[in-house]
Amino acid sequence: MKRKTQLIHGGIAGDQHTGAVSVPIYQVSTYKQEEVGKHKGYEYSRTGNPTRHALEELIKDLEGGEAGFAFGSGMAAVTAVMMLFNSGDHVILTDDVYGGTYRVITKVLNRIGIEATFVDTSDVTNIEKEIKENTKALYIETPTNPLLKITDISEAAQVAKKHDLVTIVDNTFSTPYWQNPIEQGADIVLHSATKYLGGHSDVVAGLAVVNSKELAEELHFIQNSTGGILGPQDSWLLMRGMKTLGIRMEEHEANTKKIVDYLSNHPAVQKIYYPGLENHPNHAVAKQQGRGFGGMVSFDVGSEEQANKLLTTVKYFTLAESLGAVESLISLPAKMTHASIPADRRRELGITDGLVRISVGLEDVEDLIEDLSNGLK
Ligand SMILES: *Cc1c(COP(=O)(O)O)cnc(C)c1O
């Protein structure tokens, strides 16, 4: 099955009992047992629900893993995966991970004794230097947010394997349509499905896929124990969005290339970050490990004042957090998505106050360029 076909026919498509071509929404909490312990595979919807199961099978197929899990948000998925580790364990993470991931690691999971070190994993040699006796996992985000840095997944996973670490990849920006970390050696793939997978700014959800029976059992135990599951309505809505992921990603990228061309030649743009640009420091890796470069672009307009002018002038780019939806979005990472990262740390990472991030949507690109042109005047 090719990728666009798999988006529509993968997982558990439709309903065997009625012939319905869309998976029904099983809005139910409990299931009748014929006798104690004798049931049709479902007992209680925290443990398993048929609509959620169909979604979990779909993401499992798309990522080429052993089992999939759906959670109430991307952060619930990240947290559940981190609960695989114990007090005293150490994890190495990409230094510019999603702000919420940085927060849960440094302000919540630290309380239960999970230690963390953040390094620039786009240079794989940085990873090995940080491995300690108690290091158990390597957590990579690629491309990163908002600087679009790229880590070589297979090289990083090789280093991790040599030291018996679990490799976790946040694949939110690329989606399984462009990039499949498990094929490149990762053990666990994470998604904020709120973004491209859902694609319509109407659902908050998280997904995880693991590559072994052992991890599948452990993560199911945690999902069922901690209970951060995705409900049946949202599971259905997410599957509905995912059917068009392929055509959306192709179109996001086509629009983005034209916008990047435009911005690259604009005098008000001081720096532009996009892995599809040949002068991007990790362009070669991005090209080799993914099938596309995505629809996220960041660029520096020099100051917060300039950025604010742009943000308030544009009319098709909605000023909002989040990304990956049909409508174009624009944001100021330093003051919005990355505000939870301390200012000096932000500066260290290069997230300046004039750095603007756009998520290119599916509007006509001529309108989007005209919009940016007005904002940059
Ligand atoms: C949004 C996001 C998350 C968190 O997901 P939520 O669905 O907002 O909880 C995690 N990682 C990345 C890369 C994200 O963009």
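Numbers given to residues run from 1 along each chain, matching the order in which its sequence is written. The model is predicted, so local features are restricted to residues of pLDDT at least 70 and side-chain atom pairs to those at 80 or more, both for listing and for counting; the totals for chains, interfaces and linings are taken over all residues. Values shown for side chains rest on all heavy atoms present in the structure; no hydrogens or waters enter the calculation.

- Where an unreviewed UniProt entry is consulted, the protein chain appears under the name Cystathionine gamma-synthase, with the organism given as Priestia veravalensis.
- UniProt positions are given in the numbering used here, feature names are shortened, and annotations may be inferred rather than shown by experiment. UniProt annotates the protein chain under Sequence similarities (unreviewed entry) with the comment "Belongs to the trans-sulfuration enzymes family."
- Here the protein chain is described in UniProt, under the heading Cofactor (unreviewed entry), as follows: "pyridoxal 5'-phosphate".

1. Some words on the site of the ligand
Move 1: Near residues are defined by distance, with any heavy atom within 4 Å of the molecule or strand qualifying the residue. Within the structure, the ligand sits among 13 residues, and Gly74, Asp170, Ser192, Thr194 and Lys195 are positioned closest to it.
Move 2: Surface exposure here means Shrake-Rupley accessible area, sampled with a 1.4 Å probe, where a residue is shielded only by the protein chains that are shown. When the free accessible area of the ligand is taken as 380 Å², the share hidden by the protein chains comes to 92%.
Move 3: Cavity and pocket criteria rest on a 1 Å grid covering protein atoms alone: a 1.4 Å probe that fits but cannot get out defines a cavity, protein on both sides within 12 Å along at least 5 of 7 lines defines an open pocket, and an atom within 4 Å of a point defines a lining residue. A molecule is counted as occupying a cavity or pocket when more than half of its atoms fall within 2 Å of that pocket's grid points. Cavity membership is defined here by more than half of the atoms lying within 2 Å of grid points; on that basis the ligand lies in the second largest pocket.
Move 4: Broken down by class, the residue content of the shell around the ligand amounts to five nonpolar, five polar and three charged. Residue classes follow a fixed rule: Ala, Val, Leu, Ile, Met, Phe, Trp, Tyr, Cys and Pro count as nonpolar, while Asp, Glu, Lys and Arg count as charged, and any other residue, Gly among them, counts as polar.

2. A look at the pattern of salt bridges
Move 1: By convention in these notes, a salt bridge is any Lys or Arg side-chain nitrogen within 4 Å of a carboxyl oxygen on Asp or Glu. The full count for this structure, using the stated rule, is 13 salt bridges.
Move 2: In this structure, the salt-bridge partner of Lys213 is Glu66, at a minimum N-O distance of 3.5 Å. Highlighted residues: Lys213 in helix α8 (residues 213–226) and Glu66 in the loop between α2 (50–63) and β1 (67–71), separated in sequence by 147 residues.
Move 3: A salt bridge links Glu253 to Lys257; the nearest nitrogen and oxygen atoms lie 3.4 Å apart. Of this pair, Glu253 and Lys257 both sit in helix α10 (residues 245–264), four residues apart, which is roughly one turn of that helix.
Move 4: Under the relative-accessibility criterion, Glu253 is labelled buried at 7%. Put simply, DSSP marks the helices as runs of H or I at least four residues long and the strands as runs of E at least two long, and each gets a number from the N terminus on. Note on classification: 1.4 Å probe, protein chains only; a residue is buried when its accessible area is under 20% of the maximum for its type, exposed when over 50%, partly exposed between these limits.

3. Description of the packing of α2 against helix α9 (residues 232–242)
Move 1: Axes, fitted as lines to C-alpha atoms, cover a helix only where it is in contact. Angles between the N-to-C directions of the axes lie from 0 to 180 degrees. Here α2 crosses α9 at 35°, and the two axes come no closer than 8 Å. Considering the relative orientation of α2 and α9, their crossing is left-handed. Counting all contacts with α2, which are made through Thr51, Arg52, Ala54, Leu55, Leu58, Ile59 and Leu62, the residues of α9 involved are Pro232, Ser235, Trp236, Leu238, Met239 and Met242.
Move 2: Of the residues belonging to the contact of α2 with α9, the class tally is ten nonpolar, two polar and one charged. Less than a right angle of anticlockwise turn of the near helix away from the far helix marks a crossing as left-handed, whereas a clockwise turn marks it as right-handed. Note on contacts: a residue pair is in contact if any heavy atoms of the two residues lie within 4.5 Å.

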